[in-house]
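Architecture at a glance
One letter stands for each residue in the lines below.
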Amino acid sequence: MQMELHTGIELAVALTRQTTLPDLLKTATTQLENAFGLTRCWALELDLSGRTLHCSDLAETGEFDCGDFSHPFAHLLQTGKARELTRAASYRLDHPGFQSLMEASDRPKSLWLEPLKGDDGRTLGILVLCREASDWDGITAQPLYRGLLHLLKHQWIAQLQSRDQVWQRRLLKRSLDNLHDAETLRKRSETLARTLVGPSESMTSLRAQIVRAAGSQLSVLVQGETGCGKDVVARGIHELSDRADGPMVVVNCAAIPDSLLESELFGHTKGAFSGADQAKEGLLAQASGGTLFLDEIGDMPMALQSKLLRVLESRQFRPLGAQKEQHSDFRLVAATHQPLRQSIEDGSFRRDLFYRLSQFPLQIMPLRERLDDLEALSRHFIRLYTEREGAGPLGISSHALRALATYDFPGNARELRNIIELACLQTPAGDDIQPEILRLTDMFPGLAGPETHGAVACSSDEQVVSGTEDIRDLKAAAQAFEAAVIRDRLRQYGGNRAQAAESLGLPKRTLAHKCLKYQVAES
Ligand SMILES: Nc1ncnc2c1ncn2[C@@H]1O[C@H](COP(=O)(O)OP(=O)(O)OP(=O)(O)O)[C@@H](O)[C@H]1O
């Protein structure tokens, strides 16, 4: 009796010391084997779904489907009653997992199958006791056996509960993290909405994408018609990124002559070419730690595209005339109003560079397709005007907003801004902008869409001459004519600037400049 008590206490201490369920089951089965002279003891654990018993000691075959009655455990779980199984009976069961359990137990003469349930009736699993004798009552009736089982069940439940708690804590943490992410996303989108204005669905979704893009290091390609806000988007990405304290270097690839673009980007050593009397750091190097914004990337010459691709792959580059390569840790944002896929087909843009640039593609819808943004944008531009000029109109009338909504804004938000600023100039401080002040069609008639083409916008000499009596401002009329011709020519060549420029006897860059100036969209 004394001995049994001593053994019982030792076993209990060993069981209560285990901190994981596998350790607990391992300790319990070893103790049962030692204390009762078993040849083997197995613990099978019921999984959370309650459909499968697992025996981790039987690596590959240790899974027992609770609905499969070709092994004895399904029946045992159903009845909930412990029972003996003889070696002879075991041969009749052809379940492969059960047969490997028998093999691993050296085919004992008798098995005792003991289902284990918690006090709440929840089934925990099964103990399988193996032995060369059939006298199970001699063991199962012992207080030590009953006591051990009781303690095992208690500890088993404690382990499951702590596993549940860990799981719950993890779930809670994950939900909190998600909530936190969503909250951060919402706050950043709100901040962005102060500079990238517009309540439309497409603007709201664009802001959310910008916040996501800003949180990554992926190269971003911003596409959209001229004047639709690509520059604002690029700045938003930089300012919301963890590089916000670093530089944002902006390069307009269309504005720098081809011959200079490479040395501007890569920099050069002293004497690298005639005229290079000073070494100059390139824009790639200046952008290190920050963001490099390559605007109008579609205008980058082919030879430079290959070099840029190499830089993007390694962030290494060699200034002109230099022996050594340099490293620059910049994040790239590129933008274009050109349909780059078309340029790839035409052979004027590298496909591999396109894919490198557009790891995170962003598309800005033209203003005419998101008229929901008109009012907010107009008020935003009025506010900017009054802040800058110190005075100006109070707002804009609903009639004026309706008038704006009838216009198709080929120059997008930039054109709206110009229209609003001109209207601000003509509206007395404290008044609202009225529709008659808005110069939607007469600033650049050629830009206002086919239905508003006036005489000046037509390309026929006769019509131009016949419309001259209306002209009050020769410079504006000449510009309008120029814009209309460019617009028509671009239409004729399906938006291909190179062909349009050639047909007008203009360098491509001059045409690009004029398109920017007159807000001429490609098609
Ligand atoms: N959603 C917007 N919210 C506030 N301002 C905007 C928005 N979109 C454009 N703007 C304003 O419109 C003008 C033109 O925008 P931006 O220069 O970003 O256009 P872009 O697409 O880069 O033009 P381009 O094709 O000529 O490079 C800027 O004054 C800019 O601040």
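Residues numbered from 1 in each chain as written. Predicted model: local features only at pLDDT ≥ 70, side-chain atom pairs only at ≥ 80, totals over all residues.

Structural notes on the sheet that holds strand β8 (residues 248-252)
In spatial order, the strands read β8-β11-β14-β7-β15; together these 5 strands make up an open sheet with parallel pairing. Edge positions in the sheet fall to β8 and β15 (360-363), since each of these pairs with one other strand and no more. Geometrically, the sheet is characterised by an average inter-axis angle of 15 degrees between neighbouring strands, direction not taken into account. Bridge count between strand β7 (residues 220-223) and β15: 4 bridges; the pairing is parallel. Directly across from Val-222, in β15, lies its bridge partner Leu-362. (Pairing = 2+ DSSP bridges. Helix = DSSP H or I, 4+ residues; strand = E, 2+ residues; numbered from the N terminus. Axes fitted to C-alpha atoms, helices over the stretch in contact; angles between N-to-C directions.)

A short note on the site of the ligand
The full set close to the ligand counts 19 residues, and Val-197, Gly-229, Lys-230, Asp-231 and Ala-413 are the nearest of them. Those elements giving two or more residues to the shell around the ligand turn out to be α9 (230-240), α15 (374-389) and α17 (412-426). Looking at the shell around the ligand, its residues break down into 7 nonpolar, 7 polar and 5 charged. Looking at the shell around the ligand, you find at least three residues from each of domain 2 (193-365) and domain 3 (370-440). (Near = placed C-beta within 6 Å. Nonpolar A, V, L, I, M, F, W, Y, C, P; charged D, E, K, R; others polar. Domains from an automatic or database assignment.)

Focus: the pairing of strand β1 (residues 40-46)
Each regular strand displays side chains that alternate between the two surfaces of the sheet. Among the 7 residues of β1, 5 are classified as buried, and the element is accordingly described as predominantly covered. The pairing of β1 with strand β6 (residues 123-131) spans 6 bridges and is classified as antiparallel. Opposite Leu-44, over in β6, you have Ile-126 as the bridge partner. Both β1 and strand β2 (residues 52-54) contribute to a ladder of 2 bridges, which runs antiparallel. Residue pairing in the sheet places Glu-45 in a bridge with His-54 of β2. Connecting β1 to the next strand, β2, in antiparallel fashion are 5 residues, including Gly-50 with a positive phi near 75 degrees. (Buried ≥ 20, exposed ≤ 12 C-beta atoms within 10 Å, placed from the backbone.)

Thoughts on the packing of helix α8 (residues 201-214) against α9
Where α8 contacts α9, the two axes come as close as 8 Å, and the packing angle between them is 45 degrees. Comparing the axis directions of α8 and α9 gives the class oblique. Between α8 and α9 lies a crossing of right-handed hand. Counted together, Ile-210, Val-211, Ala-213 and Ala-214 of α8 and Val-233, Gly-236, Ile-237 and Leu-240 of α9 form the full contact between these two elements. A class-by-class count of the residues in the contact of α8 with α9 yields 7 nonpolar, 1 polar and no charged. (Parallel < 35°, antiparallel > 145°, perpendicular 65-115°, else oblique. Left-handed = near helix turned anticlockwise from the far one by under 90°. Contact = placed C-beta atoms within 7 Å.)

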